[in-house]
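A closer look at the structure
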Amino acid sequence: MLLLTGATGNVGRELVRQLDAQGTEFRILVRDPARAADLPQRAERVVADLDEPTTLTSAFHGADRLFLLTPGIGTAHTAHAVAAAQAAGVRHIVHLSSFNVLGDPMPAMGRWHHERENLVRASGIPATFLRPGGFMTNALDWLPTLREARYVLDPIGPGRYAPIDPADIAAVAAIALTEDGHQGKEYVLTGAETLTVTDQVRILAETTGTAIEIRDVATADEAVRSRFPHGAPPALAEALVEGFTLMRADTAGLRTDTVEQLLARKPRTFAAWCAAHTDVFRRALGA
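None of these values were measured; they are calculated from a predicted model.

Bringing the overall build of the protein into the picture now. The helix and strand inventory of the protein stands at 12 helices and nine strands. Taken over C-alpha atoms, the radius of gyration comes to 19 Å for the protein, in line with the 19 Å a tight globule of 287 residues would show. Dimensions of the protein along its principal axes, counting C-alpha atoms only, are 55 × 40 × 35 Å. For the protein, the residues scored as buried account for 51% of the 287 residues in total. Pairs at least 24 residues apart make up 76% of the contacts formed inside the protein by residues separated by at least 6 positions. Approximately 12800 Å² of the protein is accessible, and the part contributed by carbon and sulfur atoms is 52%. Across the protein, the 28 positively charged side chains and the 34 negatively charged ones have centroids separated by 3 Å.

Below, the structure is given as structure tokens:
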């Protein structure tokens, strides 16, 4: 049995749909069943909470493969999941980490993910580590300012990165979970194009047929708001500003061909992602 955590997030939802389309038997761990109401009904659901280790026994019972996604900061969720996996006899963990672990020096975002990776390694359970870069779905964080006055806050200026579609991350995860040969591997996943925020906004404007203003951030608070419109806890906010500073200085951008090698196709482009989400952005823009 394959067990998924984070099934209602951007990557998790895509992974659920792909595994369902493949006919794979799997179970999803959900804290709030209502958030999973729109997911394929064939997926077995079990209500549990990674904050509460005593709730995990039934969720992990009979599971031999685990997709481990623990968002936010800290390591408690990962520690609880790893302990439950050990007790259940899980034989393979596919862990969603971050390309930030490659930083030298490693930023706070990278250190949190590095600590989680180390917990998985220390478990003795064979693992595959997925280390994606920035998600294309982060562009949805622009919706509040697009509604407000058709503008986007740009925290990285000339900095470049290669955003990746969560559906491509999910496709790699599905392969790692269902095929042999991926245990012990570390996959750095990016899109195929390195883009500035200006490039991304231009593509979105062309897709929606609407003019969109780009505003360079003037304060740390604005930088945080560009990613978390409703604010973030202090530690996360500080780490985010640090990350944006590093991204602003990276005018080349990290790009790998790992997705193409594993999927035998090119990653989805940002333009294609925007086209698939045109209605969401047009509603925000009043177009």
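A separate point is the packing of helix α3 (residues 76-88) against helix α4 (residues 108-122). One can describe the packing of α3 onto α4 by two numbers: an axis separation of 10 Å at closest approach and a directional angle of 15 degrees. In terms of orientation, α3 and α4 fall into the roughly parallel class. Regarding α3 and α4, the two cross each other, and that crossing is right-handed. Every residue of α4 that contacts α3 at T78, A79 and V82 is listed here: R116, L119 and V120. Per-class residue counts for the contact of α3 with α4 are four nonpolar, one polar and one charged.

So, on to the side chain of Q200. Positionally, Q200 belongs in helix α7 (residues 197-208). Those residues within four positions of Q200 in sequence are excluded, and the remaining contacts are W142, Y161, P163, L195 and F270.

Where side chains of opposite charge bring their charged atoms close, a pairing between them can arise. Applying the stated rule across the entire model yields 19 salt bridges. R131 is the salt-bridge partner of E117, the closest N and O atoms lying 2.8 Å from each other. Of the two residues, E117 is situated in helix α4 and R131 in strand β6 (residues 127-132); the sequence distance between them amounts to 14 residues. Take E117 and R131: they sit in the same class, and that class is buried. One network of salt bridges, with partners in common, ties together E117, R121, R131 and E186.

Moving on, we come to α4. In this model, α4 (15 residues) spans 21 Å end to end at C-alpha, consistent with the 21 Å of a helix rising 1.5 Å per residue. When we look at burial in α4, the residues that qualify are A108, M109, G110, W112, H113, R116, E117 and V120. Close packing links the buried residues of α4 with β4 (65-68), α3, β5 (92-96), β6 and α9 (234-249). G124 sits one or two residues past α4 and shows a positive phi near 85 degrees.

The next thing to look at is the nonpolar core. Ranked by size, the top nonpolar core spans 34 residues in total, and within it W142, L146, I212 and F270 carry the most contacts. One finds V16, V30, A171 and V172 within the second-largest nonpolar core, a separate group that totals 33 residues.

As enumerated under the stated definition, the model contains two aromatic pairs in all. Aromatic pair F270 and W273: ring centres 5.8 Å apart, planes at 15 degrees, arrangement stacked. Here F270 and its partner W273 are both found in helix α11 (residues 270-276), three residues apart, which amounts to about one turn of the helix. Ring centres 5.9 Å apart and planes at 70 degrees place the aromatic pair W273 and F281 in the edge-to-face group. With respect to class, W273 is no different from F281; both count as buried. Through pairs of rings, three or more aromatic residues link up here, namely F270, W273 and F281.

Here the focus is the environment of D279. Within the secondary structure, D279 sits in helix α12 (residues 278-285). The exposure class of D279 is exposed, given its relative accessible area of 52%. Separated by 20 residues in sequence, D279 and V259 place their C-alpha atoms 27 Å apart.

This part covers the pairing of strand β7 (residues 151-154). Burial of β7 is two-sided: the residues Y151 and L153 facing one way and the residues V152 and D154 facing the other way are all buried. Summarising the sheet, β7 and strand β9 (residues 213-216) pair through four bridges and their orientation is parallel. Residue pairing across strands places D154 opposite D216, the latter belonging to β9.

Rules used throughout
Residues numbered from 1 in each chain as written. Predicted model: local features only at pLDDT ≥ 70, side-chain atom pairs only at ≥ 80, totals over all residues. Heavy atoms only, no water. Helix = DSSP H or I, 4+ residues; strand = E, 2+ residues; numbered from the N terminus. Rg over C-alpha atoms; globule rule 2.2 N^0.38 Å. Buried < 20%, exposed > 50% of the residue type's maximum accessible area, 1.4 Å probe, protein only. Contact = heavy atoms within 4.5 Å. Areas by Shrake-Rupley, 256 points an atom, 1.4 Å probe, with all protein chains shown as cover. Lys, Arg positive; Asp, Glu negative; His and termini not counted. Charge placed at Lys NZ, Arg CZ, Asp CG, Glu CD. Axes fitted to C-alpha atoms, helices over the stretch in contact; angles between N-to-C directions. Parallel < 35°, antiparallel > 145°, perpendicular 65-115°, else oblique. Left-handed = near helix turned anticlockwise from the far one by under 90°. Nonpolar A, V, L, I, M, F, W, Y, C, P; charged D, E, K, R; others polar. Salt bridge = Lys/Arg side-chain N within 4 Å of Asp/Glu carboxyl O. Expected span 1.5 Å × (residues − 1). Core = buried A, V, L, I, M, F, W, Y, C linked by side-chain atoms within 4.5 Å. Phe/Tyr/Trp six-rings, centres within 6.5 Å; stacked < 30°, edge-to-face > 60°. Pairing = 2+ DSSP bridges.

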